[in-house]
Amino acid sequence: MIKPQWRAVLEELKLSGGLPVSELARQVNASYMAVKQHCEELKKIGYLDRSRIPRTAVGRPEIFYSLSAKADALFPQAGADFTLDVLDELKGLFGESTPDKLLFQHFQKQQAKWQPLLAKAESLADKATKLVALREKAGCFIRCTHDPESGFRIEEFHNPLQRVFDRYPRAVAMEHRMIEELLGMRVGRRELAGGRAGQPRVIFEIPIPAIR
């Protein structure tokens, strides 16, 4: 159902949190009118919200598009409804700590599965690249950048387990610990709220002192 042009628009808006048509056209390398048409089509079927923002220079306000709540379903969810139902049922049957125990086992098994793949990496850069690729296959929408002065920065714009994390927040620390174990070092983690400055996202930071 999603056209390639629509995918480019949706992914850019996921990364940015929302853009005026002129800037969105530059980012996806398409004409203003083509991008506006794609956005209107996506708005019509409920995946985008439209608003207007003042121009920085003199002129009429610009049309601004951002992802709607419905658009979140376009990104992998890892069967969140089913998973939450099962965890809730098990909690009722076997006690309050049961979901946390199962989630702990999940991350332990994922770490054991990924560890041999990352062990072959010859550098931290290679490790980080492989980890990002593995998390993308698992359904995360993620970007990794490197700065010679500050180190590596992994930005995660979507995690298919986010709804599970919302219900069972201890799992956040479990995932964080798994990432540190896979990379073999301490990794900073912080959450950024969404808004005009960008989509809600999680930032993992690996500072330069840790990779010397």
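Residues numbered from 1 in each chain as written. Predicted model: local features only at pLDDT ≥ 70, side-chain atom pairs only at ≥ 80, totals over all residues. Heavy atoms only, no water.

**Some details on the overall build of the protein chain**
The following threshold applies: Helix and strand definitions follow DSSP, with helices as H or I runs of at least four residues and strands as E runs of at least two, each counted in order from the N terminus. The classification of residues rests on relative accessible area computed with a 1.4 Å probe and restricted to protein chains. Under 20% of the type maximum is buried, over 50% is exposed, and intermediate values are partly exposed. Only heavy atoms enter the contact rule, under which two residues are in contact if any of them lie within 4.5 Å. The method behind every accessible area is Shrake-Rupley, applied with a 1.4 Å probe, and residues are considered shielded solely by the protein chains displayed. Under this rule, positive means Lys or Arg and negative means Asp or Glu; His and the chain ends count for nothing. We put the charge of a Lys on NZ, of an Arg on CZ, of an Asp on CG and of a Glu on CD.
Each helix and strand counted, the protein chain has 8 helices and 7 strands in total. With the C-alpha coordinates aligned to their principal axes, the bounding extent of the protein chain is approximately 60 × 50 × 30 Å. Within the protein chain, buried positions represent 41% of all 212 residues. Restricting the contact set of the protein chain to residue pairs at least 6 apart, pairs at least 24 apart contribute 54%. In the structure as shown, the protein chain presents an accessible area of about 12,300 Å², 54% of it carried by carbon and sulfur atoms. If the 33 positive side-chain charges of the protein chain are averaged to one point and the 27 negative ones to another, these points end up 3 Å apart.

**Structural notes on the sheet that holds strand β4 (residues 141–147)**
To be explicit about the condition: Two strands pair under a simple rule: DSSP has to find at least two bridges between them. Axis lines are fitted through C-alpha atoms, for helices just across the contact stretch, and the angle between N-to-C directions can take any value from 0 to 180 degrees.
Sheet architecture is open: 4 strands sit in the order β4-β5-β7-β6, paired in antiparallel fashion. Two strands in the sheet have a free side with no partner beyond their single neighbour: β4 and β6 (188–192). On average, adjacent strands in this sheet sit at an angle of 20° to one another, irrespective of strand direction. As paired elements, β4 and strand β5 (residues 151–158) share 7 bridges and run antiparallel to each other.

**Quick word on the pattern of salt bridges**
Using the following cut-off: A carboxyl oxygen of Asp or Glu within 4 Å of a side-chain nitrogen of Lys or Arg is what we treat as a salt bridge.
Inspection of every chain in the model, using the stated rule, returns 18 salt bridges. A salt bridge links Arg 50 to Glu 40; its shortest N-O distance comes to 2.7 Å. Of this pair, Arg 50 sits in strand β2 (residues 48–53) while Glu 40 sits in helix α3 (residues 32–44); the two residues are 10 residues apart in sequence, bridging distant segments of the chain. Here Arg 50 falls in the partly exposed class, since its relative accessible area comes to 42%. Looking at Glu 40, the relative accessible area reads 25%, which means it is partly exposed. Across the salt bridge formed by Arg 177 and Glu 181, the nearest N and O atoms sit 2.6 Å from each other. With Arg 177 and Glu 181 both in helix α8 (residues 170–183) and 4 residues apart, the pair spans about one turn of that helix. According to the relative accessible area criterion, Arg 177 is partly exposed, its value standing at 47%. Note on Glu 181: relative accessible area 32%, which makes it partly exposed.

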